[in-house]
Amino acid sequence: MMRYHCCWKAKNSWRGKRRVEQDYTMDKAASRARQEKSGRWRALYRDASGKEVSAGTYATKDEALAVARHQAEWRGSVELSPQTRATATFADVGPIWLDYKKSFLKKKTWHDYQRTFRLHVLPALGAQRLVETRHAHIFRIFQAWGENGMGAATQRDCRTVIKGIYAQARRMDIVQNDVDPTIGIEIRGRVIEEVRILTEDEWFRLYDALPTEGAKLFAKIRLATGIRGNEALALT
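How each quantity is defined
Starting afresh in each chain, residues are numbered from 1 along the sequence in its written order. Under the rules for a predicted model, residues below a pLDDT of 70 receive no local features and side-chain atom pairs below 80 are neither given nor counted, while totals for whole chains, interfaces and linings still include all residues. The basis for the side-chain values is all heavy atoms of the structure; hydrogens and waters are excluded. Any Lys or Arg side-chain nitrogen found within 4 Å of a carboxyl oxygen on Asp or Glu counts as a salt bridge. The numbering of helices and of strands both runs from the N terminus, where a helix is a DSSP run of H or I of at least 4 residues and a strand a run of E of at least 2. The rule is simple: take the accessible area with a 1.4 Å probe, protein chains only, and divide by the maximum for that residue type; under 20% is buried, over 50% is exposed, in between is partly exposed. Centre distance within 6.5 Å is the pairing criterion for rings of Phe, Tyr and Trp, where only the six-membered ring of Trp is used; planes under 30 degrees apart are then read as stacked, over 60 as edge-to-face, and the remainder as tilted. We call a charge positioned above a ring when the Lys NZ or Arg CZ atom is no farther than 6 Å from the ring centre and deviates by at most 35 degrees from the ring normal. Where helices are involved, their axes are fitted lines through C-alpha atoms of the stretch in contact, as for all axes, and angles between N-to-C directions lie from 0 to 180°. Throughout this description, any angle smaller than 35 degrees is read as roughly parallel, any larger than 145 degrees as roughly antiparallel, any in the 65 to 115 degree range as roughly perpendicular, and the remainder as oblique. Any two residues whose heavy atoms approach within 4.5 Å are treated as being in contact. Classes in brief: Ala, Val, Leu, Ile, Met, Phe, Trp, Tyr, Cys and Pro nonpolar; Asp, Glu, Lys and Arg charged; the others, Gly included, polar.

J.: How do you make sense of the pattern of salt bridges when you look at a structure like this?
T.: Two side chains that carry opposite charge are able to pair once their charged atoms sit near each other. Considering all chains together, one arrives at seven salt bridges under this definition. Salt-bridge contacts for R32 lead to E52; the nearest nitrogen and oxygen are separated by 2.6 Å. Of this pair, R32 sits in strand β3 (residues 31–35) while E52 sits in strand β5 (residues 52–58), and the two are 20 residues apart along the sequence. Here R32 falls in the buried class, since its relative accessible area comes to 10%. Residue classification places E52 among the partly exposed positions, given a relative accessible area of 30%. Residues joined in a network through salt bridges with shared partners are R34, E36 and R42.

Here you go:
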């Protein structure tokens, strides 16, 4: 580890009267912590392209270094350790996949996937290790989503996000096989309870029991056209 310490006279807002010390701690040139004028420490790491990126500011140097090293390993030029690969979860790789896709997707589409990850995939699969993910596990999750009333469109977004995260894990050499755990997952949408169709006699009894002529007309229009209730109301 290399350590640099430097001092200089500050200008402008510091009026040249104060000396500011800036402490640089370098870790394999991939991560470092830099003290700001406010006294807080900024976590910095190099991404895969070699560009230095900020990961926020923290109260202590140790906190900033811990965050910088973590980001350098996950998002930067530091190769993942075998232990990290073995324990990587959907919660670890999901945000990285979202960052990767941000430049390829329309803004609305990206926000939809981000929301899907946060509301559905993360609660269901966040702690799941990628190397241990199997098709049967994913199938059970989709089955539960359908039984709990999740719509088909949301399930399709979930499938896209899960598939994308797994592909990102392959690019990061976390998983070695090319098997997509979402293959064969059929989107069935909400589980719809069986609807009993009225007999002709039951229909006329229902019609006669309606309290007003307007209600009877409404019922006849819906029966004749198959129009939805809100669509029929919009005609009035």
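J.: In this structure, what is going on with the packing of aromatic side chains? I would like to understand it.
T.: Aromatic ring pairs are reported here in terms of the distance separating the ring centres and the angle at which the planes meet. Evaluated as defined, the whole model comprises three aromatic pairs. Measuring from centroid to centroid gives 6.1 Å for W97 and Y113, while their planes differ by 40°, and the two rings are tilted. Highlighted residues: W97 in helix α3 (residues 90–101) and Y113 in helix α4 (residues 107–125), separated in sequence by 16 residues. Overall, W97 belongs to the buried group, its relative accessible area being 4%. Judged by relative accessible area, Y113 falls into the buried class, the value being 14%. Residues F142 and W145 carry aromatic rings whose centres are separated by 5.0 Å and whose planes lie at 80° to one another, so their mutual orientation is edge-to-face. Of this pair, F142 and W145 both sit in helix α5 (residues 135–147), separated by three residues, roughly a single helical turn. Across the ring face of W110, the terminal group of K102 is positioned such that the distance to the ring centre comes to 4.5 Å. Just above the ring of Y207 sits the side chain of K216; from NZ or CZ to the centre is 5.5 Å.

J.: Which parts of the structure should I look at to understand the packing of α4 against helix α6 (residues 152–171)?
T.: Helix packing for two helices is described by the angle between their axes and how far apart those axes are. α6 packs onto α4 with a crossing angle of 80° between their chain directions and a minimal axis gap of 9 Å. As far as their axial angle goes, α6 and α4 are roughly perpendicular. Residues Y113, T116, F117, H120, V121 and L125 of α4 lie in contact with α6, whose contacting residues are T154, D157, C158, T160, V161, I162 and I165. Along the lines of polarity and charge, the residues of the contact of α4 with α6 split into eight nonpolar, four polar and one charged.

J.: Whenever I open this one, the packing of α3 against α4 confuses me. Can you help?
T.: The geometry of α3 relative to α4 is characterised by a closest axis approach of 11 Å and an angle of 175° between their N-to-C directions. One element, α3, and the other, α4, form an angle in the roughly antiparallel class. Across from F90, A91, G94, P95, W97, L98 and K101 in α3, the residues of α4 making contact are W110, Y113, Q114, F117, L122 and L125. Grouping the constituent residues of the contact of α3 with α4 by class yields ten nonpolar, two polar and one charged.

What is shown is where atoms sit, not what they do.
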